[in-house]
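Here are the chains, one letter per residue:
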Protein chains: 2
Amino acid sequence: MHLVCLDLEGVLVPEIWISFSEYTGIPEFRRTTRDEPDYDKLMAFRIDLLAQHKLTLPDIQRVIGSMEPLPGALDFIKGLRDLSQFIILSDTFEEFAKPLLAKLGQPLLFCNSLETAPDGYIKGYRLRQQNGKKCAVTAFKTLGYRVFAAGDSYNDIAMIQEAHGGSLFRAPEGIQKEYPQFPCTEAYEELLAHIKAFIGS
Amino acid sequence: MHLVCLDLEGVLVPEIWISFSEYTGIPEFRRTTRDEPDYDKLMAFRIDLLAQHKLTLPDIQRVIGSMEPLPGALDFIKGLRDLSQFIILSDTFEEFAKPLLAKLGQPLLFCNSLETAPDGYIKGYRLRQQNGKKCAVTAFKTLGYRVFAAGDSYNDIAMIQEAHGGSLFRAPEGIQKEYPQFPCTEAYEELLAHIKAFIGS
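Reading the values: rules and limits
- Residues numbered from 1 in each chain as written.
- Chains lettered and ligands numbered in written order.
- Predicted model: local features only at pLDDT ≥ 70, side-chain atom pairs only at ≥ 80, totals over all residues.
- Heavy atoms only, no water.
- Contact = heavy atoms within 4.5 Å.
- Buried area = accessible area lost by both parts, 1.4 Å probe.
- Salt bridge = Lys/Arg side-chain N within 4 Å of Asp/Glu carboxyl O.
- Polar contact = N/O pair within 3.5 Å; in protein donor to acceptor, adjacent residues only side chain to side chain.
- Helix = DSSP H or I, 4+ residues; strand = E, 2+ residues; numbered from the N terminus.
- Nonpolar A, V, L, I, M, F, W, Y, C, P; charged D, E, K, R; others polar.
- Buried < 20%, exposed > 50% of the residue type's maximum accessible area, 1.4 Å probe, protein only.
- Patch = residues over 30% accessible without salt bridge, like charges linked within 9 Å, V, L, I, M, F, W, Y side chains within 5 Å.
- Areas by Shrake-Rupley, 256 points an atom, 1.4 Å probe, with all protein chains shown as cover.
- Lys, Arg positive; Asp, Glu negative; His and termini not counted.
- Charge placed at Lys NZ, Arg CZ, Asp CG, Glu CD.
- Pairing = 2+ DSSP bridges.
- Axes fitted to C-alpha atoms, helices over the stretch in contact; angles between N-to-C directions.
- Phe/Tyr/Trp six-rings, centres within 6.5 Å; stacked < 30°, edge-to-face > 60°.
- Least-squares fit on C-alpha atoms with pLDDT ≥ 70 in both.
- Expected span 1.5 Å × (residues − 1).
- Arc of directions from axis to C-beta.

## Regarding the interface of chain A and chain B
Much of the literature gives interface size as the accessible area that the parts lose upon coming together.
Here comes step 1: If you look at the interface, chain A gives 29 residues, while chain B gives 29 residues.
Here comes step 2: Carbon and sulfur atoms make up 58% of the area that chain A and chain B hide from each other, which totals about 2,300 Å².
Here comes step 3: At the boundary of chain A and chain B, one finds zero salt bridges.
Here comes step 4: Put simply, chain A and chain B have 13 residue pairs in polar contact (both at pLDDT 80 or more) between them.
Here comes step 5: Of all the secondary structure elements, the ones that give two or more residues to the side of chain A that touches chain B are α4 (73-83), β2 (85-93), α5 (94-103), β3 (109-116) and α6 (132-142) of chain A.
Here comes step 6: In terms of residue class, the side of chain A that touches chain B is built from 16 nonpolar, eight polar and five charged.

This is the structure we're talking about:
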């Protein structure tokens, strides 16, 4: 039996912080792990910035709620459901993803969560575990699943390596060159074809 | 972070074989593990019976496709989604559940699968693993989830025991008496209240 594991941002929905920066017109939210490799420091910076702009979790959820899945993502999910069940493995936060999941037909998502004060301000975050994406694939394997995984970023590599099969999807050229062993896909139809081939193999 | 694991038949949809017996008017399909405790023999009996009545998988799926979720199940799922993500853990077969999952809003289901011949006749079945429900809960615990589980039958007991919290739902009196340590719920509102209390605890 098969299970497909998909990254969320960049695969089914836009990058949340980048879209958030565009929607709010606050360019500092574009800062990523490329600018600040220490994720703890980056999140502390973002949490400060949210507070400065008096943005509480409900405000953020409203902004995120106005974002849309990537063009073609819903048709892709429809086609994928005909082939296999799937789960989303992401490093985002449950509270951010919630409004987007509703637009994706409520797939199951394993990710992290936020710590929020009673007044709605974000105070911190909880990593569910280190290497959450890879650990999830390992767990599904112990349950007798053949796993296919796809994502676009460095944080997807361990998950794809751990899976029985997988591919990069719209990954930056640098990652594609660094991991030539993974097929690269750009269009949803291509990704679907890889999944179909995996299931038939 | 929380995850709710639910049994399928008797909790969200009617017992599939019993409904199938009623829909087809073939009473022998009502035979359960109470009549034939050896599951392999029971399935062999059912597969023979399907072939006798010239029922192929597409025929069966059409019949199952005309079944409906239990009254109130969709509202329960709506309320549950507001509280937590959930997954269905069942001993049924993916191919049987598929038409019902569509009516439940496509939740993720971990179960077993059938072996079907090219002409559509069912030839056998594949257990994904022994104690699949319990193993799934164990796996989710390794991923950092606090797990609540609910079901109605003997095959749900190990899953409920393995979870951090749980309850029986519309279980026969015998099971309720045998496992007095588990709360018994009859209405969806009661089950939802137990889940809410678990998440808040």
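## Observations concerning unusual backbone geometry
Residues and elements named next belong to chain B.
Here comes step 1: One non-glycine residue, K54, lies in positive phi territory at about 55°.
Here comes step 2: Classification of K54 by relative accessible area gives exposed; the value is 61%.
Here comes step 3: Residues other than glycine seldom take positive phi values, yet R170 does so here, at roughly 50°.
Here comes step 4: Residue placement: R170 occurs in the loop between β6 (165-169) and α8 (173-178).
Here comes step 5: Residue R170 is classed as partly exposed on the basis of its relative accessible area, which comes to 32%.

## Details of a negative patch on the surface
Residue and element names in this part refer to chain A.
Here comes step 1: A contiguous patch of negative charge, built from D75, E186, E189 and E190, is present on the exposed surface.
Here comes step 2: Here E189 shows up in helix α9 (residues 188-200).
Here comes step 3: According to the relative accessible area criterion, E189 is exposed, its value standing at 60%.

## A look at the sheet that holds β6 of chain B
Residues and elements named next belong to chain B.
Here comes step 1: Strand order in this open sheet of seven strands is β4-β3-β2-β1-β5-β6-β7, and the pairing throughout is mixed. Each edge of the open sheet is held by one strand with a lone partner, namely β4 (122-126) and β7 (184-185).
Here comes step 2: In the sheet, strand β1 (residues 2-6) pairs with strand β2 (residues 85-93) via four bridges, with the strands oriented parallel. Across the sheet, the residue bridging to V4 is F86, located in β2.
Here comes step 3: Contacts between helix α2 (residues 39-52) and the sheet are confined to β2 and β4, with β4 contributing the most and set at about 155° to the helix.
Here comes step 4: Sheet contacts for helix α5 (residues 94-103): β2, β3 (109-116) and β4; angle to β3, the most-contacted strand, approximately 125°.

## Some points on the packing of aromatic side chains
All names here are of chain A.
Here comes step 1: Enumeration according to the criterion identifies 28 aromatic pairs over all chains in this entry.
Here comes step 2: Ring geometry for F76 against Y188: centres 4.9 Å apart, planes inclined by 20°, an arrangement best described as stacked. On the criterion of sequence distance, the pair formed by F76 in helix α4 and Y188 in helix α9 is long-range, its members being 112 residues apart. For the residue pair F76 and Y188, the accessibility class agrees, reading buried in each case.
Here comes step 3: Three or more aromatic residues link up through ring pairs in this structure, and these residues are W17, F20, F29, Y39, F93, F96 and Y125.

## Looking at the relation of the copies chain A and chain B
Here comes step 1: Taken as rigid bodies, chain A and chain B are interconverted by a rotation of 180° and an axial shift of 0.0 Å, the fit giving an RMSD of 0.0 Å. Read as a symmetry element, the transformation amounts to a two-fold axis. Residues of chain A ranked by C-alpha distance from the rotation axis are headed by A139 of chain A, positioned 2.7 Å from it.
Here comes step 2: Looking at the interface residues of chain A, 100% of them are also at the interface in chain B, so both copies use one shared face.

## Notes on the environment of T142 of chain A
Here comes step 1: Within the element layout of this structure, T142 of chain A appears in helix α6.
Here comes step 2: Look past the residues within four positions of T142 of chain A in its chain and what remains in contact with it is Q129 and A139 of chain B.
Here comes step 3: A polar contact of 2.6 Å, which involves the side chain of T142 of chain A, links it to the backbone oxygen of A139 of chain A.

## Focus on the pattern of salt bridges
Here comes step 1: Taken as a whole and assessed by the stated rule, the structure comprises 16 salt bridges over all chains.
Here comes step 2: The partner of D59 of chain B in a salt bridge is R62 of chain B, with the nearest N and O atoms 2.8 Å apart. With D59 of chain B and R62 of chain B both in helix α3 (residues 57-65) and three residues apart, this pair spans about one turn of that helix.
Here comes step 3: Judged by relative accessible area, which is 58%, R62 of chain B ranks as exposed.
Here comes step 4: One salt-bridge network, in which partners are shared between bridges, spans D7, K133 and D156 of chain A.

## Details of helix α2 (residues 39-52) of chain A
Residues and elements named next belong to chain A.
Here comes step 1: In a regular helix each residue adds 1.5 Å, so 14 residues correspond to 20 Å; α2 covers 20 Å between its end C-alpha atoms and thus fits that length.
Here comes step 2: Along α2, the positions that sit buried rather than exposed are L42, M43, R46, I47, L49 and L50. Along the long axis of α2, the arc covered by the buried residues comes to 160°, so they all point the same way. In α2, the exposed positions that point more than 90 degrees away from the buried face belong to K41 and Q52.

So, to be careful, I would describe these as geometric facts and stop short of saying anything about function.
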